[in-house]
Amino acid sequence: MTTDGTIATTTTTPATTPAPATTELAAPAPAATVAPLLAGLDERLPGLLALYEDLHAHPELSFQEFRTAGIAAERLRAQGWEVTEGVGGTGVVGVLANGPGPVVLLRADMDALPVREETGLPYASTATGTDPDGNEVPVMHACGHDMHVTCLLGATDLLAAHREAWSGTVVAVFQPAEEVGGAPAMIEDGFLDRFPRAAVCLGQHVAPAPVGFLGTRPGPVMAASDSLRVTLFGRGGHGSSPETAVDPVVMAAAVVMRLQTVVSREIGAAQTAVVTVGSLHAGTKENIIPDTAELRINMRSTTPAVRDRILAAVTRIVRAEAAASGAPKEPEFAPINAFPVTVNDGPATALVQSALTEAFGEGRVFTLPQVITGSEDFGVFGTALGVPSVFWHFGGADPALYEGVTPDSLLENGLPDTVPANHSPHFAPVPGPTIPVGVTALLAAAAHWLRKETPGAA
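If you're wondering where the values come from, they're calculated on a predicted model, not measured in any experiment.

> Mind showing me how you'd approach the nonpolar core here?
Most often, soluble globular proteins keep nonpolar side chains buried together rather than apart. Among the nonpolar cores identified, the biggest contains 62 residues, and Phe174, Leu202 and Trp392 are the most heavily contacted of them. Examining the composition of this core, we find that ten residues originate from one element, helix 12 (residues 431-447), more than from any other. If sequence neighbours within four positions are ignored, Trp392 has contacts with Leu202, Gly203, Gln204, His205, Leu214, Gly215, Thr216, Val352, Leu356, Ala441, Leu442 and Ala445. Membership of the second largest hydrophobic core comes to 26 residues, among which are Val93, Val173, Cys201 and Leu385.

As structure tokens, this is what we get:
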């Protein structure tokens, strides 16, 4: 998920502090609706744990998920799915038709991040990759997409094994490049025409909430995101004679500081917005004033009006600071990526919340109090298909990390310092108890649409 770590501020816990997590592999007690699909999950958990650890140790950057995609395709074929590879680059789509009924799309993302892992886990990543600019970078599953792939492959295995328990068609989507917007690439590659058209799209994301707890909300659930590459132009010179140059480093510093006023002074206190300068590059040596400086700016918003206001403010500030510094050339703006607001369909979300509550019990499923400022491209599928979509978050953190933290203080202050958030080099779900939660959640949600009619039922 493209979060910049912001998911932490809106994740909540239920009314009671959960007991410490165990590393034992055990599936949740099944509800009646999903129970037939969960038969055999316990026996599969050791294999799913091994799969997760393998995926975690071998992360791949966006649009480079060749190994991960190959594993997903191989396992789907072995389970009996019809498999198509190379969709939108490295995407994999599995189709399992099982009689009359709705088409349900289940999605997992596959890509990792350019982060050096610092978890100290025995299966920690030491992988490196080449980023779009040609730089060698460390690579880590710092956002949990390895967990998403594992859970969806567990769900597809059980769906294939228990065809007598459901009816309809499932489209399992293993999506590339969520971090940079890979869903549109799959749509542009003919997704709508090549595969059965879903009646509902379902997706999930592991979060730094206590394992065993799940959250979602109807309507907007995750923010829009816009990223820009801004190039500032100066005039190079010797560091000993700055008066002969126009220093783009000072110009960039002024831009960074001024951008901090956009949210604090131009966006209403009741509105949700974030502006982050995540990258600033200039120069090659301490005594050389460079010609240019490059900033990479990320903006989050939850309404079109706020988005427009932020984009206008960022553009205005960058140009004004360049003019104030005497820049010899206007700044250049280049879009990097853009994600729309992720919107959950109201009635479909109510059905999913009901299904998850049946599967996990009262007090385990909660409604997020506000829009998460992280962003997702999952909603692209539902929008393109013109059908409802529902996206939820499931906890993957050891509840022992929340010891002594009350729900009220968590809502007010965010995550405790002991809990790493998504995109942190320390982020890693507790896999033993998290995997069965993710598998069960997917199956429970899908089961509401894939119910097999009982003969003679009214």
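Moving on, there is more to tell.
> For this particular structure, what's the right way to read the pairing of strand 6 (residues 168-175)?
Residues in a regular strand point their side chains to alternate faces of the sheet. Strand 6 sits mainly inside the fold: eight of its eight residues count as buried. In the sheet, strand 2 (residues 91-98) pairs with strand 6 via seven bridges, with the strands oriented antiparallel. Within strand 6, the residue paired with Val92 across the bridge is Phe174. As paired strands, strand 3 (residues 103-109) and strand 6 are joined by seven bridges and run parallel to one another. Of the residues in strand 6, the one forming a bridge with Val103 is Thr169.

> What's the story with the packing of helix 2 (residues 41-57) against helix 4 (residues 145-161) in this structure? I'm lost.
Any two packed helices are characterised by how steeply their axes cross, that is the angle between the axes, and by the distance between the axes. At a closest axis distance of 9 Å, the pairing of helix 2 and helix 4 adopts a crossing angle of 150 degrees. When you trace helix 2 past helix 4, the crossing you get is right-handed. The residues of helix 4 that touch helix 2, namely those facing Leu41, Arg44, Leu48, Leu51, Tyr52, Leu55 and His56, are Asp146, Met147, Val149, Thr150, Leu153, Gly154, Asp157, Leu158 and Ala161. Residue classes in the contact of helix 2 with helix 4 are distributed as ten nonpolar, three polar and three charged.

> Teacher, can you tell me more about the pairing of strand 3 here?
In terms of burial, strand 3 is a largely internal element, seven of the seven residues being buried. Burial of strand 3 is two-sided: the residues Val103, Leu105, Arg107 and Asp109 facing one way and the residues Val104, Leu106 and Ala108 facing the other way are all buried. By the bridge criterion, four bridges tie strand 3 to strand 7 (residues 200-210) in an arrangement that is parallel. Among the inter-strand pairings, Arg107 is bridged to a residue of strand 7, identified as Gly203.

> Explanation requested: the pattern of salt bridges in the structure shown.
Pairing is possible between side chains that carry opposite charge, provided their charged atoms lie close to one another. Scanning all chains against the criterion turns up 16 salt bridges. For Asp133, the salt bridge identified is with Arg296, shortest N-O distance 2.6 Å. Taken as a pair, Asp133 in the loop between strand 4 (128-130) and strand 5 (136-138) and Arg296 in strand 14 (residues 292-301) lie far apart in primary sequence, 163 residues in all. The exposure class assigned to Arg296 is partly exposed, which follows from its relative accessible area of 26%. Across the salt bridge formed by Arg307 and Asp308, the nearest N and O atoms sit 4.0 Å from each other. With a relative accessible area of 31%, Arg307 lands in the partly exposed category. On the basis of relative accessible area, Asp308 is assigned to the partly exposed category, the value being 47%.

Thresholds applied
Residues numbered from 1 in each chain as written. Predicted model: local features only at pLDDT ≥ 70, side-chain atom pairs only at ≥ 80, totals over all residues. Heavy atoms only, no water. Core = buried A, V, L, I, M, F, W, Y, C linked by side-chain atoms within 4.5 Å. Buried < 20%, exposed > 50% of the residue type's maximum accessible area, 1.4 Å probe, protein only. Helix = DSSP H or I, 4+ residues; strand = E, 2+ residues; numbered from the N terminus. Contact = heavy atoms within 4.5 Å. Pairing = 2+ DSSP bridges. Axes fitted to C-alpha atoms, helices over the stretch in contact; angles between N-to-C directions. Left-handed = near helix turned anticlockwise from the far one by under 90°. Nonpolar A, V, L, I, M, F, W, Y, C, P; charged D, E, K, R; others polar. Salt bridge = Lys/Arg side-chain N within 4 Å of Asp/Glu carboxyl O.

Function cannot be read off these values alone, since they describe shape.
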